[in-house]
Every structure is written in C-alpha cells, then in structure tokens.
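Now for the letters of each chain:
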Amino acid sequence: MIEREVQFLEMDELLKFSRICSKVDFDVDVSYGKGRIDAKSILGLLSIELGEKVKLIAHGKEENVDQYFREFYA
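What you are looking at is a predicted structure, and each value in this text was computed from that prediction instead of being measured.

Chemist: Sorry, what's going on with the packing of aromatic side chains here?
Modeler: The geometry of an aromatic ring pair is captured by two quantities: the separation of the ring centres and the angle between the planes. Scanning the model with the defined rule gives six aromatic pairs in all. Taken together, a centroid distance of 5.8 Å and an interplanar angle of 55 degrees make the contact between phenylalanine 8 and phenylalanine 72 tilted. One end of the pair, phenylalanine 8, is in the loop between β1 (2-7) and α1 (11-23); the other, phenylalanine 72, is in the segment after α3 (62-69), with 64 residues separating them in the sequence. As far as the burial class goes, phenylalanine 8 and phenylalanine 72 line up, both buried. Here a set of aromatic residues connected by ring pairs shows up, and it is made of Phe8, Phe17, Phe26, Tyr68, Phe69 and Phe72.

Encoded structure:
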C-alpha cells in the first residue's frame, strides 16, 4: 500500500485523475477527514473540495503509482 498527499486545484485536474484511476489495474482510494472513497468513482471524487489536500492510497507497486499520479502530489 502506497500513500501520498495529493491536491486538486481545478476541476480538470480532478477529472484527469479520475480517468487515470479508472485505467490502472490496482485499487485506488482517497482519504480525507474521516472519510474514504473509491477513487475510481467519479461521484465520490466530486465530493472533494478543490484545493483541499487529501491522501491517495494506492494498492500497487510504488514505481507504478508514482508514474501515474506524480503530477497530483501536493
């Protein structure tokens, strides 16, 4: 399990993140506050407030996670 802090400043970034999550072959979650959502769920991701730092939790190899999600790291 790999954890990284991510942040989305614009809706386009959040939508791009969602597209990437739907294509990877490992599970991805986002944790914020006391909640945890499946990052492959666009409706769940839309509940994240833009500009808020959240935790990416990926169940894949570290090099793969960084390759796909580096641009969103806070």
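Chemist: How should the side chain of serine 18 be read in this particular structure?
Modeler: Structurally, serine 18 is set in helix α1. The exposure class of serine 18 is buried, given its relative accessible area of 11%. Discounting residues that sit within four places of it in the chain, serine 18 has contacts with Ile42 and Leu45.

Chemist: I'm lost on the nonpolar core in this one. Help?
Modeler: Soluble globular proteins tend to pack their nonpolar side chains together in the buried interior. Phe8, Phe17, Val28, Val30, Leu45 and Phe69 are the most contacted members of the largest nonpolar core, which has 21 residues in total. If you tally residues by element for this core, the top one is α1, at four residues. Ignoring sequence-local partners within four residues, the contact set of valine 30 consists of Phe17, Gly35, Arg36, Ile37, Ala39, Leu45, Ile48, Val54 and Lys55.

Chemist: Would you explain the pattern of salt bridges in this entry?
Modeler: Any two side chains of opposite charge can pair, on the condition that their charged atoms come close. Applying the stated criterion across every chain, the model contains five salt bridges. Note that arginine 4 and glutamate 62 form a salt bridge whose closest N and O atoms lie 2.7 Å from each other. With arginine 4 in strand β1 and glutamate 62 in helix α3, this residue pair connects regions lying 58 residues apart in the sequence. Take arginine 4: its relative accessible area is 22%, and that puts it in the partly exposed class. Residue glutamate 62 is classed as partly exposed on the basis of its relative accessible area, which comes to 41%. Because the salt bridges share partners, they merge into one network encompassing Arg4, Glu62 and Asp66.

Chemist: Even after reading the chapter, I still don't get the side chain of serine 31, so can you show me in this structure?
Modeler: Among the secondary structure elements, serine 31 is positioned in strand β2 (residues 28-32). Within the structure, the side chain of serine 31 is placed 3.5 Å from the backbone oxygen of glycine 35, a separation counted as a polar contact. Residues in contact with serine 31, not counting those within four places in the same chain, are Arg36, Val54, Lys55 and Ile57.

Rules behind the numbers
- Residues numbered from 1 in each chain as written.
- Predicted model: local features only at pLDDT ≥ 70, side-chain atom pairs only at ≥ 80, totals over all residues.
- Heavy atoms only, no water.
- Phe/Tyr/Trp six-rings, centres within 6.5 Å; stacked < 30°, edge-to-face > 60°.
- Helix = DSSP H or I, 4+ residues; strand = E, 2+ residues; numbered from the N terminus.
- Buried < 20%, exposed > 50% of the residue type's maximum accessible area, 1.4 Å probe, protein only.
- Contact = heavy atoms within 4.5 Å.
- Core = buried A, V, L, I, M, F, W, Y, C linked by side-chain atoms within 4.5 Å.
- Salt bridge = Lys/Arg side-chain N within 4 Å of Asp/Glu carboxyl O.
- Polar contact = N/O pair within 3.5 Å; in protein donor to acceptor, adjacent residues only side chain to side chain.

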